[in-house]
Amino acid sequence: MSISTLVLLLLCLQAAFVDSPAKPPGGPVKGDAQDLLILAAERPILLKVHLQVDGRGFRGLQDDFLNQLFGSFDADKDGVWSEAEAAVAQDSGKLAPLGENGRVDGRADLNKNGRYEKEEVFEHARGALGEPFRVQLESQSPFRQTSIQDRLDRNADGRVSMEELRNARQALGKLDLDDDEILSAEELVIPDESGLGPSQVSVDLPILALTSATRVQAAQELLRRYGTGSAASLDVGVLQWPAEVAKAIDIDANGLFNEAELVQGLSAPVPQVEWLVQLPKASGRITTVQVWEPLQEGSRKPAVAASMPFALAGFRADVRGMTTRAEVSDNRNFYAIQFLRADADKNQYLSESEFGSVDLRVPFAQVDRNKDGMIKREELLEYVNLDSQLVATRVTLLVANDGKGLFELMDSSLDGRITASEFASAADRLSARDVNRDGQLDASELLGRYRLTFGLEKPRLFQQMTRGSRMTSRTPRRPKGGPAWFNNMDRNRDGEVSAREFLGPPAAFQKLDTDANGVLSVIEAVQ
């Protein structure tokens, strides 16, 4: 790169930041609200998120897309599709990404007047587009990890006691497949055998999006997790709603919410927390997050941040937004190259047999817009562009955990292995996490921090990429220094000599093991 080119590039970057300064977040706008239920360890949290894309409510994204689609086939610009215009739209294949429910035929003519008015087409197409917001787990690994917490929790009370931690080495002995007295990450990870595929494995999410279709499920989950007695009712105080709100929902005035009352209350929930998440499309702009508690006077503090920490009721998370503008461009470029690779006979179009090599995972007929049995480059990229616009009408909340499970907490050296000394010291080290000092670690005390990422849904290419990866151990530690006998006895190369590895008499081992933790360290070996 020449000096002049580099200088020009730096000037362009500087201009991008100067011309697009970060602005403090504004307030809620029309069509930006989405209610969520966080199933925190201590109690449920009702949350209202205000999602804005370029300053507008995210619920308008679908109508923007449909307006663009409708206008492109409204030849006489009278705001209505005639039968002929609807036929052109249908034959073009541009409605194919909407699926079978997005087809514009007699079913979309709701008033049966032989014309397709915009609202009729919109109402018909929205069913195919689905909800404009969804929650999903970020990890999509084809492997799953054996839960050592379940194996330690002998009485199945959902908690791990200090006594159970002290007996962890014996309880987890069968997982040590190579019998080297070390529990490695690889020994916990096994292929998923559900047959559902990595992105379809059922996983409990700590957050539910509240919609007309999920309120009953949400009410049942509240009763299951936080209910009293037979779990058929929930104390009205659990949701921490204002007294007048709770009284209006508690129809039988018994101080408890049953399922029907909860469903009613969740139809217009009063949030304890509100977030404002702004997602820009324009380059040079940053995502911003703001958190406040509407029931607390003066709790709203405007701030600009790409990520905002949040902690309440045992639920800890970093909240952030992301943009997909670069990925949309990459998506188009990728499939342009895929076209060239798939065109084996170099005749400038793809036959149905060649189309499979593109790996678009949609029927040939959906992409063959003019139904001539050939897919040209322009047809492929037109479909990809439309598909990218379509997915950009939806906002996704990706939920990920930082992985600080019990294995990682016991692995104090962070080398992907739990050694004998780490087993021995686990109870003492983890006792600091026992916040309520009851001698046991519950879910909230063991749970790590979540990462919550709001963003426009990713284009097809990036949806197909798997995010998860198999856990792997780091290179085993090598002992530093120490006598030759110590290094020779350390067969598993963990820098310690266990009683089983020690070749001398037991009395000599006990004499050297001054801290009585069952292993010899280098320091003990040289004393």
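Undergrad: Requested: an account of the packing of aromatic side chains, with residues and values cited.
TA: With the rule as written, the count across this model stands at 14 aromatic pairs. Relative to Tyr450, the ring of Phe315 lies with its centre 5.1 Å away and its plane at 15°, an arrangement referred to as stacked. Of the two residues, Phe315 is situated in strand S17 (residues 315-322) and Tyr450 in strand S23 (residues 450-456); the sequence distance between them amounts to 135 residues. Taken individually, Phe315 and Tyr450 each receive the classification buried, so the pair is uniform in this respect. With centroids separated by 6.0 Å and ring planes inclined at 80°, the aromatic side chains of Trp485 and Phe486 adopt a geometry described as edge-to-face. Accessibility expressed as a relative area gives 31% for Trp485, which makes it partly exposed.

Undergrad: Summarise the pattern of salt bridges; cite the residues concerned and give the values.
TA: Applying the stated criterion to the full structure yields twelve salt bridges. Arg115 is paired through a salt bridge with Asp78; the nearest N and O atoms lie 3.6 Å apart. With a gap of 37 residues between them, Arg115 in the loop between helix H3 (83-92) and strand S5 (116-117) and Asp78 in the loop between helix H2 (61-73) and strand S4 (80-81) connect regions that are remote in the sequence. On the basis of relative accessibility, which here comes to 35%, the residue Arg115 falls in the partly exposed class. A relative accessible area of 37% means that Asp78 is categorised as partly exposed. Residue Arg500 is joined to Asp179 by a salt bridge in which the shortest nitrogen-to-oxygen separation is 3.1 Å.

Undergrad: Describe the nonpolar core, and please don't skip the residues or the numbers.
TA: Counting residues in each nonpolar core, the largest one holds 32 residues, and the members touching the most others are Phe133, Phe315 and Leu452. With five residues, the top contributor of residues to this core is strand S2 (residues 44-53). Look past the residues within four positions of Phe315 in its chain and what remains in contact with it is Ile38, Ala40, Ile45, Pro206, Ile207, Phe310, Tyr450 and Leu452. In this structure, Leu175, Leu409, Ile418 and Leu441 belong to the second largest nonpolar core, which totals 23 residues.

Procedures and definitions
Chains are numbered independently. Their residues run from 1 in the order of the written sequence. The model is predicted, so local features are restricted to residues of pLDDT at least 70 and side-chain atom pairs to those at 80 or more, both for listing and for counting; the totals for chains, interfaces and linings are taken over all residues. To obtain the side-chain values, all non-hydrogen atoms of the structure were included, while hydrogens and water were left out. Within 6.5 Å between ring centres, the rings of Phe, Tyr and Trp (the latter by its six-membered ring) count as paired, and their orientation is classed by plane angle as stacked under 30 degrees, edge-to-face over 60, tilted in between. Each helix corresponds to a stretch of at least 4 residues labelled H or I by DSSP, and each strand to a stretch of at least 2 residues labelled E; elements are numbered beginning at the N terminus. Buried, partly exposed and exposed residues are distinguished by accessible area as a fraction of the type maximum, computed with a 1.4 Å probe on protein chains only: under 20%, between the cut-offs, and over 50%, respectively. Note on definitions: salt bridges are taken to be side-chain nitrogens of Lys or Arg within 4 Å of carboxyl oxygens of Asp or Glu. Here, nonpolar core refers to any group of buried Ala, Val, Leu, Ile, Met, Phe, Trp, Tyr and Cys residues whose side-chain atoms link them within 4.5 Å. In this analysis, two residues are considered to be in contact whenever any of their non-hydrogen atoms come within 4.5 Å of each other.

In short, the description is geometric, and any link to function would need to be established separately.
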